[in-house]
Amino acid sequence: MTTNENKFQQIISHAKEYGFVFQSSEIYDGLSAVYDYGPYGSELKKNIRDYWWKSMTQMNENIVGIDAAIFMHPLTWKASGHVDNFSDPMIDNRDSNKRYRVDHLIEGLADKLKEEGKTQEAESLLAEMDRLLVAEDYAALKELIVTNKIVCATGGTSNWTDVRQFNLMFSTEIGSVAEEADKIYLRPETAQGIFVNFLNVQKTARMKIPFGIAQTGKAFRNEIVARQFIFRMREFEQMEMQFFIRPGTQKEWYEHWKETRLQWHLSLGVPREKYRYHDHVKLAHYADAALDIEYEFPFGFKEVEGIHSRTDFDLKNHQLLSGKKLQYFDNEINQNYIPYVIETSIGLDRMFLLILSESYEEETLTKEDGSTDTRALLRIPAKIAPIKLAILPLTKKDGLPEIARQVMDECKNYFRCFYEEKDTIGKRYRRMDAIGTPFCITIDHQTKEDQTVTIRYRDTMQQERIPVSKVKEIVLNNIM
Ligand code: GAP
């Protein structure tokens, strides 16, 4: 097992042990590729969502938000192309009855080749795969799998079926009487809720092109191979923004959002070298240009966010199938047109995994007597940390808890605080490090004399005495 795989397993265990992520329905042995967020996980997830929402809406006067329903009229998915095109080429292994996405199988081999130092071989394998995917040459894709001796991870055999397409949408029925029920889909992307509301929003919020509509919410995909913890899930959350523009300006806006979104990632303190752009060779059915922003997870560079130039594909098809005009009158050029769209689409769960991967560290500490100790910590940026401040009275008596409670009362209205008086102060610090709390303050006997407390910084473990009256201000300055 490589060190990176070890690190990834440590992150998964840490996420469970400290209440970030649990497997869904764990007492029934779980549900594959579905996860629940625990007390600190739900806080972190909410903070990432809020940080994205603020950067999109509050910081951009020409972007507004909506919150559309998960269920949508079935024609939505016909118009968007998802009924006909939202499928992946899959292949089954006849011996194990396991189904795989063709690109995942081939990418798996490419990763292995890279680990063995055969980078050139891996690159040409991936290039050949891309070429065949674009050509939709499924017979040749199967041939590529067979000639490269790719075997099933479960059974170890290469007894493969032909490559076939499988739709990824979940369906259910709406209506109370079975015979009258209509088949509807659980949305596979949040974007369509934005497209069908384009005119409602444009008119009611009196938006002028160029303008954007942002939305966060659940999406559902029947992913065949669900791997890598919360990286690929069947129920997940997206944060999407559709930016409506004048036709012909898509290249410049594509460049704008490509750069702006990368800057957003960097604003969370992640080094530039951990990111790269990946231009799509095989474009989705709606796009005339597309790229992924990839992050170097412990299991390699993988997509976190997509930037897509979606042309007028969606609005045009909704106009066609609904019979309602979805046009905009641009009074600067005196013309009616269907706007073009640049989309930014990021997976919230993937961003969460990125933050865990980036911030998890097992640090070796050398004590004064020369012996060593380790501490597990999450260096989560203070502005999105689940808990901002831990308030720790040194003892349970002598009036210290009362002072600590006063600080708690003063701060809890402004940011998430945590109060604890049990265990040694060292143990309490370590627990806070493990959930990524950037600041701890300790109230001790000196506090009663001079109204100062000890503040301890998670990343450096340095401590200093500060006036108790400054605590709120210091934390606020670091989380804005
Ligand atoms: N509206 C465009 C769209 O949905 P996408 O590239 O299919 O584009 C956008 O998805 C983002 O959603 C991805 O970059 C990824 O972060 C996230 N995502 C997609 N499928 C996912 C899954 N099965 N589990 C977790 N996140 C997923």
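Residues numbered from 1 in each chain as written. Predicted model: local features only at pLDDT ≥ 70, side-chain atom pairs only at ≥ 80, totals over all residues. Heavy atoms only, no water.

Which residues make up the environment of Gly347, and what values do they have?
Following the sequence through the fold, Gly347 ends up in strand β16 (residues 340-347). For the pair Gly347 and Gln238, spaced 109 residues apart in sequence, the C-alpha to C-alpha distance is 4.5 Å. Each residue touching Gly347, except ones within four places of it in the same chain, is listed here: Glu237 and Val304. (Helix = DSSP H or I, 4+ residues; strand = E, 2+ residues; numbered from the N terminus. Contact = heavy atoms within 4.5 Å.)

Describe the domain arrangement of the protein, and please don't skip the residues or the numbers.
Each domain of the protein was delimited in the assignment, giving domain 1 (38-70 + 185-356), domain 2 (87-167) and domain 3 (387-479). A separation of 39 Å is found between the C-alpha centroids of domain 1 and domain 3. (Domains from an automatic or database assignment.)

Could you give an account of the nonpolar core, naming the residues involved and the relevant values?
With 62 residues, the main nonpolar core has Phe20 and Met351 as its most contacted residues. No other element matches the 7 residues that helix α12 (residues 348-359) contributes to this core. Two domains share this core, each providing at least three of its residues, namely domain 1 (38-70 + 185-356) and domain 3 (387-479). Grouped together as the second largest cluster of nonpolar side chains are 22 residues, Ala404, Met408, Ile443 and Ile466 included. (Core = buried A, V, L, I, M, F, W, Y, C linked by side-chain atoms within 4.5 Å. Buried < 20%, exposed > 50% of the residue type's maximum accessible area, 1.4 Å probe, protein only.)

So, the environment of Gln165: which residues are in play, and what are the values?
Its place among the elements puts Gln165 in strand β6 (residues 164-167). Distance in space between the C-alpha atoms of Gln165 and Asn47 is 38 Å, their sequence separation being 118 residues. Every residue in contact with Gln165, bar those within four places of it in the chain, is listed here: Ser87, Asp88, Pro89 and Tyr138. Here the side chain of Gln165 touches Tyr138 through a polar contact of 2.5 Å, side chain to side chain. (Polar contact = N/O pair within 3.5 Å; in protein donor to acceptor, adjacent residues only side chain to side chain.)

Just give me the short version of helix α5 (residues 102-115), but keep the residues and values in it.
The terminal C-alpha atoms of α5 lie 20 Å apart, and with 14 residues this matches the ideal 20 Å at 1.5 Å per residue to within 8%. Residues of α5 that are buried: Val102, Asp103, His104, Leu105, Ile106, Leu109, Ala110 and Leu113. Contacts made by the buried residues of α5 are with β4 (87-92), β5 (99-101), α6 (119-135) and α7 (138-147). Taken from the residues just after α5, Gly117 is the one with a positive phi, measuring 85°. (Expected span 1.5 Å × (residues − 1).)

Would you mind going over the side chain of His265 in detail, with residue names and values included?
Among the secondary structure elements, His265 is positioned in helix α10 (residues 250-266). Aside from chain neighbours lying at most four places away, what touches His265 is Val270, Tyr275, Ile293, Val304, Glu305, Ile346, Met351 and Leu354.

Account for the pattern of salt bridges, naming residues and giving values.
Taken as a whole and judged by the stated rule, the model has 40 salt bridges. The partner of Asp50 in a salt bridge is Lys46, with the nearest N and O atoms 2.7 Å apart. Taken together, the positions of Asp50 and Lys46, both in helix α2 (residues 39-58) and 4 residues apart, correspond to about one turn of that helix. Lys46 gets classed as partly exposed once you look at its relative accessible area, which sits at 39%. Across the salt bridge formed by Asp111 and Lys302, the nearest N and O atoms sit 3.8 Å from each other. (Salt bridge = Lys/Arg side-chain N within 4 Å of Asp/Glu carboxyl O.)

Give me the sheet that holds strand β3 (residues 63-65): which residues, what numbers.
Here 7 strands make up an open sheet; going across it, the order is β3-β9-β10-β16-β13-β12-β11 and the pairing mixed. The sheet is open, and its two borders are formed by β3 and β11 (275-279), each paired with just one other strand. Each strand axis lies, on average, 25° off the axis of its neighbour in the sheet, ignoring direction. The pairing of strand β10 (residues 235-245) with β16 spans 8 bridges and is classified as antiparallel. For Glu240, the partnering residue across the bridge sits in β16 and is Ser345. Along the sheet, α2 makes contact with β3, β9 (211-220), β10 and β16, crossing β9 at roughly 160°. Against the sheet, α12 touches β10, β11, β12 (289-297), β13 (300-311) and β16, its axis set at about 35° to β12. (Pairing = 2+ DSSP bridges. Axes fitted to C-alpha atoms, helices over the stretch in contact; angles between N-to-C directions.)

Quick one: what's the story with α2, residue by residue and with numbers?
Between the first and last C-alpha of α2 there are 27 Å, a value that for 20 residues agrees with the 28 Å anticipated at 1.5 Å per step. Within α2, burial applies to Tyr40, Gly41, Glu43, Leu44, Lys45, Asn47, Ile48, Tyr51, Trp52, Ser55, Met56 and Thr57.

Describe the site of the ligand, listing the residues and the values that go with them.
Near the ligand, the surroundings consist of 21 residues, among which Glu189, Met233, Glu240, Glu303 and Val304 are the closest. Within the backbone of Phe231, one N or O atom sits 3.5 Å away from a nitrogen atom of the ligand. The separation between a nitrogen atom of the ligand and a polar main-chain atom of Met233 is 2.8 Å. With the chains in place, 93% of the 560 Å² that the ligand exposes on its own is no longer accessible. When residues of the shell around the ligand are traced back to their parent elements, those giving at least two are β10, β13 and β16. It is β13 that contributes the most residues to the shell around the ligand, 6 residues altogether. (Near = heavy atom within 4 Å. Areas by Shrake-Rupley, 256 points an atom, 1.4 Å probe, with all protein chains shown as cover.)

Explain the sheet that holds strand β22 (residues 452-457) to me, using residue names and the numbers behind them.
Strand order in the open sheet formed by 5 strands is β20-β19-β21-β22-β23, and the pairing between neighbours is mixed. Of all strands in the sheet, those bounded by a partner on one side alone are β20 (417-419) and β23 (463-467). Along the sheet, successive strands turn relative to each other by an average axial angle of 25°, direction set aside. Bridge analysis of β22 against β23 gives 5 bridges, and the strand direction is antiparallel. Each residue of the ladder has a partner; that of Arg456, found in β23, is Gln463. Taken strand by strand, helix α14 (residues 425-435) contacts β19 (389-393), β20, β21 (439-443), β22 and β23, and its axis lies near 170° from that of β19.

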